[in-house]
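# A closer look at the structure
Chain by chain, the residues run as shown.
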Amino acid sequence: MKIAVVGSGYVGLVSGSCFADFGHDVVCIDKDPAKIEALQGGRMPIYEPGLAELVHKNAAAGRLRFTTDLAAGVDGAAAVFIAVGTPARRGDGHADLSYVYGAAAEIAGHLTGDTVVVTKSTVPVGTGDEVERIIGEAGTAHTVAVVSNPEFLREGAAIGDFKRPDRIVIGAESEAARDVMREIYRPLFLNRSPIMFTGRRTAELIKYAANAFLATKITFINEMADLCEEVGADVQDVSRGIGLDNRIGAKFLHAGPGYGGSCFPKDTLALLKTAEDFGSPVRIVEAVVQVNDARKRAMGRKVIEAMAKAGIADPRGRKVALLGLTFKPNTDDMRDSPSLAIATALQDAGIEVVGYDPEGMEVAQAMMPGVAMASDTYAAAQGADAIVLVTEWDAFRALDLARLKALVATPLLVDLRNVYDPDEVRAAGFHYHSIGRP
Ligand code: NAD
């Protein structure tokens, strides 16, 4: 089947290459000429494990092409996926749908036959109705069905997630559209991935409900971690103790510096706005958003308090090294990363901040003014009064503590991901603070 994907970012590029790998004939479209030029030249515009190999293989087989020319890209496509960004709108926190609606209008002008237009971007309830209206208004002579197919992949594990999803959700209002979607995903239900058909609005809401629930789980354990610190309990054991209950489940129960990234912050906010607009408040999610926002900056204060306990009464002019800047390991995505708020809180206290990240530094540099980027972990630690483990990249899981001790000005490790064994780090001569552990 011929498929066009409009928007070749984390979701569009991964979806497009996976569809090509299933055997479909795919064109990935983007309006950013630098991205398309890179892809045509075999270079990846983003870091995602396994993506380069998948793109090269399918491009070489002639099943995957890249273009900035939307008209040429959608020509003859049986399905056109919209995978453009839906960031939080400045000012009010609603999802900014201008890219989705812009793409819909462009697509409408270039359809060459009956087509299913599929919204893969995360969009509020009712967006599909508006996409349908925009396409109808363009006066196309062809039959167009608008379908919602939210994406649940995780950056850093995106290809595995796309090829072995927990479920595929399709919100469609016609049997013809459902047939096209079944055909697109057929290779996956041979793998027994459940495919779920719903109404379009339901599919749109499923995506927000899923992200809000996961954000709630994280925030719940983060608050339990704070309580653990006060009462002398260990959040790792609390997490395991509740997670072994199948009704709760062990995933998303790791205490940390607060959730970030390109999805949870904006999607929880957008859900609040939808709920507000429809007069049906979601108070639990409201609390989650507030608690998480406050937490990221509080992590900066936690570092300053740890410095005070290590004998640094005035942090002004001292140096802190941040290890890991991206919002999670195995991505270069810096959007809404906790490191941003932590760095700002430290800088506001007059602290010099140095950062190191295995993949994110190029993007981070532009987003973290005044933060010096180091060439590696040990260069970052040179002369530091605190090392803060912000993101649990594998490269930070087996640090040479003796080597670090010889480099730093003050041996203090603040481990915001609970990667280390407190006794081991203390035995190496460090002051050690983690999250929710005695
Ligand atoms: P992204 O910013 O990486 O990519 C979006 C791309 O769309 C950009 O390259 C941009 O240039 C392009 N674009 C915008 N308007 C265009 C147009 N009219 N024509 C062609 N290209 C256009 O975004 P992303 O992270 O891939 O997210 C896309 C959507 O998927 C969002 O709604 C997001 O919420 C959702 N989503 C993201 C993830 C994730 O982990 N990143 C997971 C699930 C769902």
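Model, not experiment: these values are computed from the prediction. (Residues numbered from 1 in each chain as written. Predicted model: local features only at pLDDT ≥ 70, side-chain atom pairs only at ≥ 80, totals over all residues. Heavy atoms only, no water.)

According to UniProt, the feature "domain: UDP-glucose/GDP-mannose dehydrogenase C-terminal" (unreviewed entry) maps to residues 321-422 in the numbering used here. A distance of 19 Å separates the end C-alpha atoms of residues 321-422, which is 30% helix and 18% strand. (UniProt positions renumbered as here; feature names shortened; annotations may be inferred. Helix = DSSP H or I, 4+ residues; strand = E, 2+ residues; numbered from the N terminus.)

What follows is about the environment of S193. When you line up the elements, S193 lands in the loop between α8 (175-190) and β8 (195-198). Along the chain, S193 and I168 lie 25 residues apart, while their C-alpha atoms are 7.2 Å from each other. If we ignore the near neighbours within four places in the chain, the residues touching S193 are R164, P165, I168 and L188. (Contact = heavy atoms within 4.5 Å.)

Our focus in this paragraph is the packing of aromatic side chains. Counted under the stated rule, the structure contains nine aromatic pairs. Ring centres 5.6 Å apart and planes at 70° place the aromatic pair F19 and Y185 in the edge-to-face group. Taken together, the residues span a long stretch of sequence, with F19 in helix α1 (residues 10-21) and Y185 in helix α8 at a distance of 166 residues. Assigned by exposure class, F19 and Y185 land together as buried. Through a chain of ring-to-ring contacts, three or more aromatic side chains come together here, namely F19, F22, F81, F162 and Y185. One residue, R167, lies across the ring of F152, its end atom 3.6 Å from the ring centre. (Phe/Tyr/Trp six-rings, centres within 6.5 Å; stacked < 30°, edge-to-face > 60°. Buried < 20%, exposed > 50% of the residue type's maximum accessible area, 1.4 Å probe, protein only. Lys NZ or Arg CZ within 6 Å of the ring centre and 35° of its normal.)

Before going further, it helps to spend a moment on the domain arrangement of the chain. One widely used convention gives an interface's size as the accessible area the parts lose upon coming together. Entries for the chain in the domain assignment read domain 1 (2-198) and domain 2 (200-438). On a C-alpha basis, the centres of domain 1 and domain 2 stand 32 Å from each other. Contact with domain 1, which involves 38 residues of that partner, is made by 28 residues of domain 2. Roughly 2700 Å² is buried in total at the junction of domain 1 and domain 2, and carbon and sulfur atoms are behind 55% of that figure. Three residues, Y47, V125 and E155, lead the burial of domain 1 against domain 2; their summed loss comes to 26% of the area buried on that side. In this assembly, domain 1 and domain 2 are joined by four salt bridges. Where domain 1 meets domain 2, there are 18 residue pairs in polar contact (both at pLDDT 80 or more). Counting residues per element, the side of domain 1 that touches domain 2 draws most heavily on helix α6 (residues 127-137), at four residues. For the side of domain 1 that touches domain 2, a count of residues per class yields 18 nonpolar, eleven polar and nine charged. (Domains from an automatic or database assignment. Buried area = accessible area lost by both parts, 1.4 Å probe. Salt bridge = Lys/Arg side-chain N within 4 Å of Asp/Glu carboxyl O. Polar contact = N/O pair within 3.5 Å; in protein donor to acceptor, adjacent residues only side chain to side chain. Nonpolar A, V, L, I, M, F, W, Y, C, P; charged D, E, K, R; others polar.)

Moving on: the environment of G50. Locating G50 in the fold gives a position in the loop between α2 (33-40) and α3 (51-60). G50 sits 273 residues away from L323 along the chain, and the two C-alpha atoms are 24 Å apart.

Counting 56 residues, the largest nonpolar core has V320, L322 and M368 as the members making the most contacts within it. With residues up to four places along the chain from it excluded, the contact list for M368 reads L322, L325, M334, S339, L340, A343 and M373. Core analysis: the second largest hydrophobic core is formed by 39 residues, C18, V55, F66 and F162 among them. (Core = buried A, V, L, I, M, F, W, Y, C linked by side-chain atoms within 4.5 Å.)

What follows deals with the site of the ligand. Of all residues adjacent to the ligand, which total 26 residues, the nearest are D30, K35, T86, E155 and K266. At a separation of 2.6 Å, an oxygen atom of the ligand approaches a polar side-chain atom of K35. Contact between the ligand and T86: an oxygen atom at 2.5 Å from a side-chain N or O atom of the residue. Here the ligand loses 91% of its free accessible area of 830 Å² to cover by the protein chains. (Near = heavy atom within 4 Å. Areas by Shrake-Rupley, 256 points an atom, 1.4 Å probe, with all protein chains shown as cover.)

Further remarks concern the side chain of S8. Along the chain, the position of S8 falls in the loop between β1 (2-6) and α1. We classify S8 as buried; its relative accessible area is 2%. Residue contacts for S8: discarding those within four places in its chain leaves L13, C28, I29, D30, K35, I36 and L39.

Here we come to the packing of helix α9 (residues 200-231) against helix α11 (residues 264-277). For the pair α9 and α11, the least separation of the axes is 9 Å and the interaxial angle reads 115°. For the element pair α9 and α11, the recorded crossing hand is left-handed. In this structure, α9 uses L205, K207, Y208, N211, A212, L214, A215 and I218 to contact α11, whose residues at the interface are F264, D267, T268, A270 and L271. (Axes fitted to C-alpha atoms, helices over the stretch in contact; angles between N-to-C directions. Left-handed = near helix turned anticlockwise from the far one by under 90°.)

Listed in full, the buried residues belonging to helix α13 (residues 338-348) are P338, S339, L340, I342, A343, A345 and L346. On its buried side, α13 packs onto α12 (283-309), β9 (319-323), β10 (352-356) and α14 (361-367). G350 sits one or two positions beyond α13 and adopts a positive phi of about 80°.

Now for the sheet that holds strand β12 (residues 386-389). Strand pairing within a sheet occurs via backbone hydrogen bonds; the two strands may be parallel or antiparallel. Across the sheet, which stays open at both edges, the six strands sit in the order β11-β10-β9-β12-β13-β14 with parallel pairing between neighbours. Strands at the two margins of the open sheet, each flanked by one partner only, are β11 (372-373) and β14 (431-433). Across four bridges, β9 lies against β12 in parallel orientation. Along β12, the bridge assignment pairs A321 with I387. Along the sheet, α12 makes contact with β9, β12, β13 (412-415) and β14, crossing β13 at roughly 150°. Relative to β9, α13 is tilted by about 180°, and along the sheet it contacts β9 and β10. (Pairing = 2+ DSSP bridges.)

Let us now look at the packing of α9 against helix α10 (residues 235-243). Two numbers describe how α9 lies on α10: the axes approach to 9 Å, and their chain directions differ by 135°. Here α10 runs oblique to α9, going by the angle between their axes. In the crossing of α9 with α10, the sense of the turn from one axis to the other is right-handed. Taken together, the residues of α10 that come into contact with α9 (itself represented by F220, I221, M224, A225 and C228) are V235, V238, S239 and I242. Looking at the contact of α9 with α10 residue by residue, the class counts come to eight nonpolar, one polar and no charged. (Parallel < 35°, antiparallel > 145°, perpendicular 65-115°, else oblique.)

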